[in-house]
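So you can see what is in the structure, the chains are spelled out below.
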Amino acid sequence: HVLSHDPSKYARQEAARSLGNLSDPCSIAPLIKAMLYDEYSGVRGVAAEGLGNFGYYEEFAAALKDRDSYIRVVVAGILGRIKDVRAIDPLIDSLGDPDIGVRCGAGQEGRTAHARGHAGQPVEAQSAGGTGFGGISKKSGIQRIRSAGRNVMNCVVWSASQYARKGSQEQQ
């Protein structure tokens, strides 16, 4: 009830964190609602992280279109860690995100998800024939993920700028 009704964004954020740590399936619906609809990005991000503890949900694809790039980066990271091949399509879609941080995260996490696939097995071993990536060919999906990795220098520059910006903010 706190998660959806408390006027304090910090109380809602802590409620989302608690629900995510409970490992109770009853927590899933409130976490999805908070991830998609809470007005505060901190609540949406913590709700996404908590939902990631339960595995893959289609709503992650919607969260990858969040207006806040921070949420999109968080969700890309979650999708790469949850070891579910269904996460590859949303990660591939994120390669076209206007924010370089999201593109870098999606490229890195997409390569990780591709390498692990279901139950740690390579994706190639899981799909017969030429498809296995939700309507695009496996070869095309792998090529798109690898092409994101070719832009590593931009990701390094972006990461360094984020680190430098954070450091200058802490000194003020």
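Before going into details, it helps to say that this report is about the structure given with it.

Turning our eyes to something else, we now look at the overall build of the chain. Summing up its helical and strand segments, the chain has 10 helices and two strands in all. Secondary structure elements of the chain occur, N-terminal to C-terminal, as α-α-α-α-α-α-α-α-β-β-α-α. By the burial criterion, 42% of the 172 residues in the chain qualify as buried. Taking all contacts inside the chain whose residues are at least 6 apart in sequence as the whole, residues at least 24 apart take part in 58%. Per element, the accessible surface of the chain, about 9,500 Å² overall, is 53% carbon and sulfur.

The next thing to look at is the environment of Leu36. Topologically, Leu36 is positioned in helix α3 (residues 28–37). Looking at Leu36, the relative accessible area reads 23%, which means it is partly exposed. Separated by 28 residues in the primary sequence, Leu36 and Leu64 have C-alpha atoms spaced 9.9 Å apart. Apart from the residues lying within four places of it in its own chain, the contact partners of Leu36 are Arg44, Glu59, Ala62 and Ala63.

Close contact between helix α2 (residues 9–22) and helix α4 (residues 41–52) brings their axes to 8 Å; oriented N to C, the two are set at 5°. Accordingly, the angle class assigned to the pair α2 and α4 is roughly parallel. On α4, the residues that touch Lys9, Arg12, Gln13, Ala16, Arg17 and Gly20 of α2 are Gly42, Val43, Val46, Ala47 and Gly50.

Bringing the nonpolar core into the picture now. Among the nonpolar cores identified, the biggest contains 29 residues, and Leu3, Met35, Ala48, Leu51, Phe60, Val75 and Leu79 are the most heavily contacted of them. Elements that contribute at least two residues to this core include exactly α2, α3, α4, α5 (59–63) and α6 (69–81). Apart from the residues lying within four places of it in its own chain, the contact partners of Leu3 are Arg12, Ala15, Ala16, Leu19, Pro30, Leu31, Ala34, Asp38 and Val43.

So, how was this worked out
- Residues numbered from 1 in each chain as written.
- Predicted model: local features only at pLDDT ≥ 70, side-chain atom pairs only at ≥ 80, totals over all residues.
- Heavy atoms only, no water.
- Helix = DSSP H or I, 4+ residues; strand = E, 2+ residues; numbered from the N terminus.
- Buried < 20%, exposed > 50% of the residue type's maximum accessible area, 1.4 Å probe, protein only.
- Contact = heavy atoms within 4.5 Å.
- Areas by Shrake-Rupley, 256 points an atom, 1.4 Å probe, with all protein chains shown as cover.
- Axes fitted to C-alpha atoms, helices over the stretch in contact; angles between N-to-C directions.
- Parallel < 35°, antiparallel > 145°, perpendicular 65-115°, else oblique.
- Core = buried A, V, L, I, M, F, W, Y, C linked by side-chain atoms within 4.5 Å.

Spatial relationships are all this shows, so hold off on functional conclusions.
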